[in-house]
Amino acid sequence: EDIDDALLRSGRFDWKIPFPEPTPEERVEIFDTLREQYEISEEVSSEQIAGMTDEWTGAELKSLLNEAGALCVADDRSEIKLVDLIKSYERRQRQRVNK
């Protein structure tokens, strides 16, 4: 959807393959896989994050964690807490709405 029409002319990218949005169960699985790369507090439930990120892609979940990690470091902590994820979610959600 966000690709310039010039890139979609014949001979460049001839196939469009739609990828459905992950289901809540798939978002739990994606978040569980991503959380292995971060220090995340045990208070954070993958189900809770999947529930609040309806219609989010795996890339958006990754950006949620990246920003939460930056907030955590800015607060001089090494572990991402639920509050970091909520702040990151609020910022990311505003960006999604303003697209």
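Provided above is the structure to which this section pertains.
Residues numbered from 1 in each chain as written. Predicted model: local features only at pLDDT ≥ 70, side-chain atom pairs only at ≥ 80, totals over all residues. Heavy atoms only, no water.

A.B. asks: Provide a residue-level description of the overall build of the protein, including the pertinent values.
C.D. replies: Within the protein one finds four helices and zero strands. Listing every helix and strand of the protein by position from the N terminus yields α-α-α-α. Taken against the 2.2 N^0.38 rule, which gives 13 Å for 99 residues, the C-alpha radius of gyration of the protein at 16 Å runs more than 25% over that of a compact globule. Considering only C-alpha atoms, the protein reaches an extent of 50 × 30 × 25 Å along its principal axes. Expressed as a percentage of the 99 residues in the protein, the buried residues total 32%. (Helix = DSSP H or I, 4+ residues; strand = E, 2+ residues; numbered from the N terminus. Rg over C-alpha atoms; globule rule 2.2 N^0.38 Å. Buried < 20%, exposed > 50% of the residue type's maximum accessible area, 1.4 Å probe, protein only.)

A.B. asks: Talk me through a nonpolar patch on the surface; I want residue IDs and the actual numbers.
C.D. replies: Residues I3, L7 and F13 make up a contiguous nonpolar surface patch of about 300 Å² in total accessible area. When you line up the elements, F13 lands in the segment before α1 (24-35). F13 gets classed as exposed once you look at its relative accessible area, which sits at 51%. (Patch = residues over 30% accessible without salt bridge, like charges linked within 9 Å, V, L, I, M, F, W, Y side chains within 5 Å. Areas by Shrake-Rupley, 256 points an atom, 1.4 Å probe, with all protein chains shown as cover. Salt bridge = Lys/Arg side-chain N within 4 Å of Asp/Glu carboxyl O.)

A.B. asks: Describe the environment of E60, and please don't skip the residues or the numbers.
C.D. replies: Relative to the helices and strands, E60 resides in helix α3 (residues 58-74). When its relative accessible area of 18% is taken as the criterion, E60 is described as buried. With 36 residues separating them in the primary sequence, E60 and R96 have C-alpha atoms 9.7 Å apart. Each residue touching E60, except ones within four places of it in the same chain, is listed here: E55 and R96. (Contact = heavy atoms within 4.5 Å.)

A.B. asks: Now, about the packing of α1 against α3: what can you tell me, with residues and values included?
C.D. replies: Two numbers describe how α1 lies on α3: the axes approach to 10 Å, and their chain directions differ by 45°. Taken as axis vectors, α1 and α3 run oblique relative to one another. The two elements α1 and α3 cross, and the hand of that crossing is right-handed. Residue-level contacts link R27, I30, F31, L34 and R35 of α1 to G58, L61, K62 and L65 of α3. Its residues placed into classes, the contact of α1 with α3 shows five nonpolar, one polar and three charged. (Axes fitted to C-alpha atoms, helices over the stretch in contact; angles between N-to-C directions. Parallel < 35°, antiparallel > 145°, perpendicular 65-115°, else oblique. Left-handed = near helix turned anticlockwise from the far one by under 90°. Nonpolar A, V, L, I, M, F, W, Y, C, P; charged D, E, K, R; others polar.)

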